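A closer look at the structure
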Amino acid sequence: MTTTAKATGKATSTVITNIGSLVTNDPSLSATGGGSRDPLGLIPGAAAVVIDGDRVAWVGDARKAPATDNRLDAGGRALLPGFVDSHSHLLFAGDRGAEFAARMSGRPYTAGGIRTTVAATRAATDADIAATLTRFLGEALRQGTTTQETKSGYGLTVHDEARALEIAARHTDEVTYLGAHVVAPEFAGDPAGYVALVTGAMLDACAPHARWVDVFCERGAFDGDQARAVLTAGMSRGLTPRVHANQLGHGPGVQLAVELGAASADHCTHLTDADVDALASAADTTVATLLPGAEFSTRARYPDARRLLDAGAAVALSTDCNPGSSFTTSMPFCVAVAVRDMGMTPDEAVHAATHGGARALRRQDIGRIAPGARADLLLLDAPSHVHLAYRPGVPLAAAVWKDGVLREWRRDSGLLLDQQPAAQP
Ligand SMILES: [Zn+2]
């Protein structure tokens, strides 16, 4: 029990031993000798990881692990980097369960439903919005998500967009300004006027709280010219672009994302060969972020991950968690769907949900388990990461560390209850 108390405290070193299967996402650490053939950098059997403070200090054969303050026996469980969910919309109020039920009865999904949430969000207090955000961040963490991007886009006034981003910035570094989610209802007859607001006074109020600028480039939302205006205005204020692209149909979103050097083109469901080629040639810059929860919850055709991977595009998986079209915080669910229905192997899906998300957020310090990386770790109640797809819908997270701190663990897993403090040097 001493170990438990220490492990939940700060600034001590801990070795996690007896890891049954370790996903490092660092090919140079792969047990097969490294190289690009094993992007997971998998170390099967008896691996160990040392956490020192908020960082990973050491990775390798458990028998060679350095002395530490604490020791935790993983009991043969799999360890992988915490999930990096690079696309979500958690700054909202209200519930759209009835709309979901209607859609499952045959009504199609359109961009217009967003306005329902806008009305509820504007009516909510700051405390309501903060409580909703922290509830979903906790829900995601319990499932292994250690980095969560989130966006505005349900306020659509200067005040409501800025307050949402200010709230978000208290809880995550990955904050995205999405004033251009849909045209605000007040501007229904004047979309140009709304774009002027989004690129003017609203941007002024929002830019200090955000890292990213995003736009819903889609029929019914913003066309290519409007999207370009939104993104370039954000870039001129130091924000980096990402784009909701090609979700509901073919359009200019993907090409615009690549042209502007966006960190990601998100959705990528309806792609021409030219779109796929563009993403492949921009693989070092622009990640194709696939959001299978949206297709699942709108009963739509899934993006073809196989086509993107075979072409050489960089692929991430994210939840798109939002109350209208994808109300899940579960990265394991997205991994399972991507494997079952999008042509990804379990290895590719896990890589996309961890390292892929980190790339989509242009982060080197997360999405991998290697010396110097942030100690954001997910221990599964399973012998292998494959179980994330093999056992869909099952809560497999046995323990989750963020910044080296044990934040969640399953009380019924037996973990941590019989640990002995490591021998001192
Ligand atoms: Zn989205």
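Residues numbered from 1 in each chain as written. Predicted model: local features only at pLDDT ≥ 70, side-chain atom pairs only at ≥ 80, totals over all residues.

Looking only at helices and strands, one finds 15 helices and 17 strands in the chain. Against the globule reference of 22 Å for 425 residues, the chain gives a C-alpha radius of gyration of 21 Å, in line with a compact fold. Judged by the C-alpha coordinates and their principal axes, the chain covers about 70 × 45 × 45 Å. Taken across its 425 residues, the chain has 55% of its residues classed as buried. (Helix = DSSP H or I, 4+ residues; strand = E, 2+ residues; numbered from the N terminus. Rg over C-alpha atoms; globule rule 2.2 N^0.38 Å. Buried ≥ 20, exposed ≤ 12 C-beta atoms within 10 Å, placed from the backbone.)

This part covers the nonpolar core. One finds Val-49, Val-335 and Ala-338 to be the most contacted residues of the largest nonpolar core, which totals 133 residues. Counting residues per element, this core draws most heavily on helix 13 (residues 331-341), which supplies seven residues. Looking at this core, you find at least three residues from each of domain 1 (2-82 + 368-413) and domain 2 (84-360). Residue contacts for Val-335: discarding those within four places in its chain leaves Leu-317, Ala-349, Val-350, Ala-353, Leu-388 and Ala-389. (Core = buried A, V, L, I, M, F, W, Y, C linked by C-beta atoms within 7 Å. Domains from an automatic or database assignment. Contact = placed C-beta atoms within 7 Å.)

Another point: the UniProt feature "binding site: Fe(3+)" (unreviewed entry) in the chain. According to UniProt, the "binding site: Fe(3+)" (unreviewed entry) feature falls on His-87, His-89, His-244 and Asp-320. On the basis of their most widely separated C-alpha atoms, the annotated residues across 234 residues gather in one place, lying no more than 12.1 Å apart. Within the secondary structure, His-87 is located in the loop between strand 6 (83-85) and helix 2 (97-104). Once residues lying within four places of it in the same chain are set aside, the contact partners of His-87 are Glu-149, Asp-266, Thr-289, Leu-291, Ser-318 and Asp-320. On the secondary structure map, His-89 appears in the loop between strand 6 and helix 2. Here His-89 falls in the buried class, since 27 other C-beta atoms lie within 10 Å of it. (UniProt positions renumbered as here; feature names shortened; annotations may be inferred.)

Spatial strand order, 8-9-10-11-12-13-14: seven strands in an open sheet with parallel pairing. Edge positions in the sheet fall to strand 8 (150-151) and strand 14 (315-317), since each has one partner strand and no second. Note that strand 8 and strand 9 (residues 175-180) share two bridges and pair parallel. Counted as the bridge partner of Lys-151 is Thr-176 from strand 9. Helix 14 (residues 346-360) rests against strand 12 (264-267), strand 13 (287-290) and strand 14 of the sheet, and its axis sits at about 105° to strand 14. (Pairing = 2+ DSSP bridges. Axes fitted to C-alpha atoms, helices over the stretch in contact; angles between N-to-C directions.)

Moving on: unusual backbone geometry. Phi at Asn-18 is positive, roughly 55°, even though this residue is not glycine. Mapped onto the elements, Asn-18 comes out in strand 1 (residues 13-22).

The next point concerns the packing of helix 6 (residues 191-198) against helix 8 (residues 224-236). Two numbers describe how helix 6 lies on helix 8: the axes approach to 9 Å, and their chain directions differ by 15°. In terms of orientation, helix 6 lies roughly parallel with respect to helix 8. By crossing handedness, the relation of helix 6 to helix 8 is classed as right-handed. Mapping the contact onto sequence places Pro-191, Val-195 and Val-198 in helix 6 and Gln-226, Ala-229 and Val-230 in helix 8. In the contact of helix 6 with helix 8, the residues fall into five nonpolar, one polar and no charged. (Parallel < 35°, antiparallel > 145°, perpendicular 65-115°, else oblique. Left-handed = near helix turned anticlockwise from the far one by under 90°. Nonpolar A, V, L, I, M, F, W, Y, C, P; charged D, E, K, R; others polar.)

The next thing to look at is helix 13. Of all the 11 residues making up helix 13, eight are buried; the element is thus mostly covered by neighbouring parts of the structure. Among the residues making up helix 13, those that are buried are Met-331, Pro-332, Cys-334, Val-335, Ala-336, Val-337, Ala-338 and Val-339. Positive backbone phi, at 80°, marks Gly-343, one or two positions downstream of helix 13.

Quick look at the domain arrangement of the chain now. One can read the domain layout of the chain as domain 1 (2-82 + 368-413) and domain 2 (84-360). Taken together, the 21 residues of domain 1 in the interface contact 18 residues of domain 2. Secondary structure elements with two or more residues in the side of domain 1 that touches domain 2: strand 5 (78-81), helix 15 (387-390), strand 16 (397-402) and strand 17 (405-409). Counting residues per element, the side of domain 1 that touches domain 2 draws most heavily on strand 16, at three residues.

Here the focus is the environment of Arg-37. Take Arg-37: it is sitting in the loop between strand 1 and strand 2 (43-52). Linking Arg-37 and Ile-129, residues 92 residues apart in sequence, is a C-alpha distance of 44 Å.

Before going further, it helps to examine helix 3 (residues 114-123). Those residues of helix 3 that fall on the buried side of the exposure criterion are Ile-114, Thr-117, Val-118 and Thr-121. Looking straight down helix 3, one finds that the buried residues subtend no more than 110° of arc, so they occupy a single side. Across from the buried face of helix 3, at angles greater than 90 degrees, the exposed residues are Ala-119 and Ala-123. Those residues of helix 3 that are buried lie in contact with helix 5 (158-169). (Arc of directions from axis to C-beta.)

The predicted model of the chain has a mean per-residue pLDDT of 92, with 93% of residues at 70 or higher. The low-confidence segment residues 1-10, where pLDDT is below 50, has 17 contacts with residues more than four positions distant or belonging to other chains. Scored below 50 in pLDDT, residues 417-425 makes 18 contacts in the model with residues more than four places away or belonging to other chains. (pLDDT = per-residue confidence, 0-100.)

Counting buried positions along strand 1 yields seven of 10 residues, so the element is predominantly enclosed. Note: strand 1 against strand 2, seven bridges, orientation antiparallel. In the sheet register, Ile-16 faces strand 2, and the bridge partner there is Val-49. Inspection of the sheet shows strand 1 paired to strand 4 (residues 70-73) by four bridges, in the parallel sense. Within strand 4, the position partnered with Thr-14 by the bridge is Asn-70. Looking at chain direction, strand 1 and strand 5 are connected through two bridges and run parallel. Across the sheet, the residue bridging to Leu-22 is Leu-79, located in strand 5.

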